[in-house]
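A structural walkthrough
Take a look at the letters that make up each chain.
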Amino acid sequence: MNRSHFEVAVIGGGIIGSAIAYFVAKDGLSVTILERGDLVSGTSSRCDGNILAIDKDPGFDSQMSLKSQQLVHQLSKELRLPFEYRAPGSILVCESEEEMVAAEKWVRRQNEAGLAFRIIDRQDLKQESPFFADDLLGGVECATDSLVNPYMFTFALCDGAQQYGAQILTKTEVTGIKKDAEGFFRIDSTRGEITAKKVVNAAGVWAPRIGAMVGIDIPIRPRKGHLIVASRQVPVGQRNVMEFGYLLSKFGGQRKVDPDTEKYGVALVFEPTESQNFLIGSSRQFVGFHTKADMNVVRVIARRAIRFYPKMADMNVIRTYTGLRPWTEDHLPIVSQVAEIPGFYIAAGHEGDGISLAAVTGKLIAELIAEKSETIIPTEPLRLHRFSKKGGET
Ligand SMILES: Cc1cc2nc3c(=O)[nH]c(=O)nc-3n(C[C@H](O)[C@H](O)[C@H](O)COP(=O)(O)OP(=O)(O)OC[C@H]3O[C@@H](n4cnc5c(N)ncnc54)[C@H](O)[C@@H]3O)c2cc1C
């Protein structure tokens, strides 16, 4: 029988909510996930599965990713269900001398921050994959980067949470939240009322709607991305490959590409799945909550892939899909308690890094809930109040 009172209620059954439920349940607290659809029915099933440090700003951002990579490695041993974890590293490829110069700087900065990055040359690329275009100059390798299947990772985390006693309620939409005189949260849902001492808003691009239920403004916007799925054919490569221009596309810099590539924010991302279907991405657009695939964008992505892998022009694709990245202005997620509402936490806004950062987010929220004085990563850069002085959360 379902219980209706918990120490912690997590809103959202994507990768972030599932990781939180796992670490909170492992700490011995009673926890429930409230998910309006099925598990992994949001962005976490419409994405790639790269666990990357290669594309993170050196410093806090890359250190946070490194911690998450270490936790994912640990989870691959600790969780009962496998999730296609592989850790082959990843590479960024450069198509101009200018990019090679920028890549060298990128590697130097990452090495200074203690990360295992190195420059690779044209020969290394040829050894990496015979499918690369001949004119590519080289690139950057990050040795620690890994890959997962995001659906399976989420299910494995939920299964792990359930082993520690967590309850998962799907088809349970949260429609309102109030705090009562005794300090408990009363959560209205399509399955009736659930009460909890603490609430975590892990609703991804929908986190602002949950925020509005308690009167707070959460500055997250949906940033649409398209992916192409190729059929299982020849093995094109064993690890994640991105073009160096992806960094510029992600952080909003100037690239030398045609107007459509620029307009749709297209940059090559190649991901080999364990079954050797490969995923080709991706685009970045602000078009509200529209999730219909746009064939104009898909064509530009395909063209970009063929620029780096000319022989892909003869390969078959199966389908395309889109997802909505929960974007924040400074590209860092919001992982914090809200001061005006003690016991109310936000864990959302991971943009294109939610799979990479789920483990460290889950661990950090569990530590914040347990009021630990030392946390796995510093909390200051992830606080809500960096966007508005009004927040003033703890
Ligand atoms: C094309 C693309 C490629 C990507 N590639 C990568 C990658 O390689 N590596 C990486 O790290 N990240 C990647 N990402 C980003 C990653 O997918 C997201 O950051 C991550 O999935 C966000 O997870 P989440 O749990 O916050 O959100 P979601 O998975 O969207 O989960 C939120 C959940 O909240 C539920 N919900 C909403 N409102 C309510 C309500 N009122 N009541 C109950 N439940 C509610 C939703 O149904 C949903 O299931 C990519 C994203 C895209 C779009």
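Figured I'd write up the structure that's included with this text. (Residues numbered from 1 in each chain as written. Predicted model: local features only at pLDDT ≥ 70, side-chain atom pairs only at ≥ 80, totals over all residues. Heavy atoms only, no water.)

**A word on the packing of helix H2 (residues 60–78) against helix H10 (residues 354–369)**
In the contact formed by H2 and H10, the axes pass within 7 Å of each other and the chain directions differ by 90°. Regarding the angle of H2 to H10, the classification is roughly perpendicular. Along its contact with H2, which presents Met64, Ser65, Lys67, Ser68, Leu71, Val72 and Leu75, the element H10 presents Ser356, Leu357, Ala358, Ala359, Val360 and Lys363. The residue makeup of the contact of H2 with H10, split by class, is eight nonpolar, three polar and two charged. (Axes fitted to C-alpha atoms, helices over the stretch in contact; angles between N-to-C directions. Helix = DSSP H or I, 4+ residues; strand = E, 2+ residues; numbered from the N terminus. Parallel < 35°, antiparallel > 145°, perpendicular 65-115°, else oblique. Contact = heavy atoms within 4.5 Å. Nonpolar A, V, L, I, M, F, W, Y, C, P; charged D, E, K, R; others polar.)

**So, the packing of aromatic side chains**
For the structure on display, the rule yields 10 aromatic pairs. Look at Phe270 and Phe278: their rings are 5.4 Å apart centre to centre, the planes differ by 45°, and that puts the pair in the tilted class. Accessibility assignment for this pair places Phe270 and Phe278 in one class, buried. The ring of Phe286 carries Arg221 above its face, with NZ or CZ at 4.2 Å from the centroid. Over the aromatic face of Trp327 sits the side chain of Arg221, whose NZ or CZ is 5.4 Å from the ring centroid. (Phe/Tyr/Trp six-rings, centres within 6.5 Å; stacked < 30°, edge-to-face > 60°. Buried < 20%, exposed > 50% of the residue type's maximum accessible area, 1.4 Å probe, protein only. Lys NZ or Arg CZ within 6 Å of the ring centre and 35° of its normal.)

**Observations regarding the nonpolar core**
Core analysis: the biggest nonpolar cluster contains 50 residues, and Ile20, Leu75, Phe153, Val200 and Ile365 have the highest contact counts within it. The element contributing the most residues to this core is H10, with 10 residues. Not counting residues up to four positions away in its chain, the partners in contact with Leu75 are Tyr22, Phe23, Phe83, Phe153, Leu157 and Ala359. With 27 residues, the next largest nonpolar core counts Phe131, Ala133, Ile228 and Phe278 among its residues. (Core = buried A, V, L, I, M, F, W, Y, C linked by side-chain atoms within 4.5 Å.)

**Topic: unusual backbone geometry**
Cis rather than trans, the peptide bond between Gly281 and Ser282 has omega equal to -20°. Despite not being glycine, Gln276 has its phi angle at roughly 70°, a positive value. Within the element layout of this structure, Gln276 appears in the loop between strand E14 (269–272) and strand E15 (278–281). Taking relative accessible area as the criterion, Gln276 reaches 15% and is therefore assigned buried.

**With respect to the site of the ligand**
Neighbouring the ligand are 39 residues; Glu35, Ser44, Asn50, Glu351 and Ser356 lie closest to it. Within the backbone of Gly354, one N or O atom sits 3.0 Å away from an oxygen atom of the ligand. Against a free-state accessible area of 1,000 Å², the protein chains account for coverage of 97% of the ligand. The set of elements that each furnish at least two residues to the shell around the ligand consists of helix H1 (15–26), strand E12 (221–230), strand E16 (317–327) and H10. Tallied by class, the residues present in the shell around the ligand amount to 14 nonpolar, 17 polar and eight charged. (Near = heavy atom within 4 Å. Polar contact = N/O pair within 3.5 Å; in protein donor to acceptor, adjacent residues only side chain to side chain. Areas by Shrake-Rupley, 256 points an atom, 1.4 Å probe, with all protein chains shown as cover.)

**With respect to the pattern of salt bridges**
Two side chains carrying opposite charge are able to pair once their charged atoms lie near each other. This model, assessed by the stated rule, comprises 23 salt bridges. Taking the shortest distance from any N to any O, the salt bridge between Lys56 and Asp353 comes out at 3.2 Å. Residue Lys56 is located in the loop between strand E3 (50–51) and H2, and its partner Asp353 is located in the loop between strand E18 (344–348) and H10; the two are separated by 297 residues in the primary sequence. Side by side, Lys56 and Asp353 carry an identical accessibility label, which is buried. For the salt bridge of Glu141 with Arg118, the shortest nitrogen-to-oxygen distance reads 3.0 Å. Of this pair, Glu141 sits in strand E6 (residues 138–142) while Arg118 sits in strand E5 (residues 117–121); the two residues are 23 residues apart in sequence, bridging distant segments of the chain. Judged by its relative accessible area of 40%, Arg118 falls in the partly exposed class. Salt bridges sharing common partners tie together Glu95, Asp135, Glu243, Arg304 and Arg307. (Salt bridge = Lys/Arg side-chain N within 4 Å of Asp/Glu carboxyl O.)

**Let's talk about a nonpolar patch on the surface**
On the surface, Leu81, Tyr151 and Phe155 cluster together into a nonpolar patch covering about 270 Å² of accessible area. Along the chain, Leu81 turns up in the loop between H2 and strand E4 (90–94). Overall, the relative accessible area of 35% leaves Leu81 in the partly exposed class. (Patch = residues over 30% accessible without salt bridge, like charges linked within 9 Å, V, L, I, M, F, W, Y side chains within 5 Å.)

**A short note on the packing of H1 against helix H5 (residues 150–163)**
The geometry of H1 relative to H5 is characterised by a closest axis approach of 8 Å and an angle of 25° between their N-to-C directions. Considering the angle they form, H1 stands roughly parallel to H5. In this structure, H1 meets H5 at a crossing whose hand is left-handed. Contacts between H1 and H5 involve Ile15, Ser18, Ala19, Ala21, Tyr22 and Ala25 on the former and, on the latter, Pro150, Phe153, Thr154, Leu157, Cys158, Gly160 and Ala161. Split by residue class, the contact of H1 with H5 holds 10 nonpolar, three polar and no charged. (Left-handed = near helix turned anticlockwise from the far one by under 90°.)

**Focus: the side chain of Arg239**
Residue placement: Arg239 occurs in the loop between E12 and strand E13 (240–243). For Arg239, the side chain forms a polar contact with the main-chain oxygen of Pro88, separated by 3.0 Å. Discounting chain neighbours no more than four positions away, the residues touching Arg239 are Pro88, Gly89, Ser90, Ile91, Glu128, Glu141, Phe270 and Pro272.

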